[in-house]
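As a plain string of letters, each chain reads:
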Amino acid sequence: MAFSLVEFLGRAAIPAVVLSVFALARRYFPAKPVKELAATLSIKDLDARFVLTQWGVGIAMVLIGWAIAWATHAVLVNLSRFAATLEGPSEFVLLPQTAIWWFLPGFAAVTLAWEITLGVWSSVGDKKEVELYNYWTVTKAGFDSTRILRIMAVVIVLPIAILTGLDIPQHAALRSDEIRARGYGLGGVQLYRYSDARRMTIIRGFRDRNGKMTRRAGVVLDFSDGRRWSSADLGDFEPIVDPKLVSFLQGKVGLQPEYADTESDIPR
């Protein structure tokens, strides 16, 4: 019952936060009326004038948003791959989970699509018509949506861009005699020599706080100096380990793999 109540409150909080944001936006960032426009055209007049235009603008925003997301994602993926190539020739390269490269593109698309759409329209169409359309939309919304999106770009998108950028160097390059691993941020490379490996374990995944198992299979290597490396720290969530990776590591470390449910189940 307690769990159901918490879950209900969590879901109810989402619309509450959205409504609160709209209320604050209307109070602190109200739509600025344009006197010369308000004197000549009513909102009803503009409703009729832009009844079809709003669909075209909506479709354009979706297309431009998709282009922003796709281009940003492609740049991040290629930067990640390029960072891994700096380690030199490798037998295997493990990169971060692919899903992390969609956060920045998604937020960038949401916050930038509107103003870019208006900018493109202004460059190929009637600028006064664009200003009139913008006046109509902000008046209908009751707050300056353009300004709100600009603030979101600085307050939300910029920090996400910085945090995502720090993830670009992260990878593990499995070379002929060692593993060269770079973690999150700007830290240096960690070297793990296969000859120092003392245990090889294949894990199924990890458990959350409630003990529920999440499948994220990987290979864990324990080394003589007490350090531990896991292939499950990188890559997507997979139910089984790549057999080629297992065969490669087994040949390098010369150990028979052991098996465990999670990394925490492996004794030190």
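Residues numbered from 1 in each chain as written. Predicted model: local features only at pLDDT ≥ 70, side-chain atom pairs only at ≥ 80, totals over all residues. Heavy atoms only, no water.

Caption draft 1: Focus on the confidence of the model for the protein. Taken over all residues, the pLDDT of the protein has a mean of 84, while the share at 70 or more is 85%. Here helix α1 (residues 2–28) stands out as the element of the protein with the lowest mean pLDDT, 50, in contrast to strand β7 (residues 228–230), whose mean of 95 is the highest. Confidence over residues 1–14 falls short of pLDDT 50; this stretch has 0 contacts with residues more than four positions distant or in other chains. (pLDDT = per-residue confidence, 0-100. Helix = DSSP H or I, 4+ residues; strand = E, 2+ residues; numbered from the N terminus. Contact = heavy atoms within 4.5 Å.)

Caption draft 2: Quick look at the packing of aromatic side chains. Applying the stated criterion across every chain yields a total of 10 aromatic pairs. Ring centres of Trp114 and Tyr133 lie 6.3 Å apart, and the angle between their planes is 35°; on these two criteria the pair is classed as tilted. One end of the pair, Trp114, is in helix α5 (residues 103–124); the other, Tyr133, is in helix α6 (residues 127–141), with 19 residues separating them in the sequence. Comparing Trp114 with Tyr133, the two get one shared label, buried. For the pair Phe206 and Phe237, a centre-to-centre distance of 5.9 Å together with 80° between the ring planes defines the contact as edge-to-face. (Phe/Tyr/Trp six-rings, centres within 6.5 Å; stacked < 30°, edge-to-face > 60°. Buried < 20%, exposed > 50% of the residue type's maximum accessible area, 1.4 Å probe, protein only.)

Caption draft 3: Main features of the nonpolar core. Ala172, Leu174, Ile179, Leu221, Trp229 and Leu249 are the most contacted members of the largest nonpolar core, which totals 22 residues. Counting residues per element, the ones that place at least two in this core are β2 (171–174), β3 (178–182), β5 (197–207), β6 (213–223) and α8 (243–253). Per element, the largest residue contribution to this core is 5 residues, and it comes from α8. Ignoring anything within four residues of it in the chain, the contact list for Leu221 reads Ile179, Arg199, Met200, Arg227, Arg228, Trp229, Leu249 and Val253. With 14 residues, the next largest nonpolar core counts Ile68, Ala109, Val157 and Ile160 among its residues. (Core = buried A, V, L, I, M, F, W, Y, C linked by side-chain atoms within 4.5 Å.)

Caption draft 4: Summary view of the sheet that holds β6. Spatial strand order, β7-β6-β5-β8: 4 strands in an open sheet with mixed pairing. Edge positions in the sheet fall to β7 and β8 (258–262), since each has one partner strand and no second. Pairs of neighbouring strands in the sheet enclose a mean axial angle of 30°, with direction left out of account. The pairing of β5 with β6 spans 9 bridges and is classified as antiparallel. Following the sheet pairing, Ile203 is matched in β6 by Gly218. Strands β5, β6 and β7 of the sheet are contacted by α8, whose axis makes an angle of about 155° with β5. (Pairing = 2+ DSSP bridges. Axes fitted to C-alpha atoms, helices over the stretch in contact; angles between N-to-C directions.)

Caption draft 5: Expanded view of the sheet that holds β2. In space, the 4 strands of this open sheet follow the order β1-β2-β3-β4, with antiparallel pairing throughout. Strands at the two margins of the open sheet, each flanked by one partner only, are β1 (92–94) and β4 (189–193). Adjacent strand axes in the sheet meet at a mean angle of 15°, parallel and antiparallel pairs treated alike. Of the strand pairs in this sheet, β2 and β3 are connected by 4 bridges, and their pairing is antiparallel. If you follow Ala173 over to β3, its bridge partner there is Arg180.

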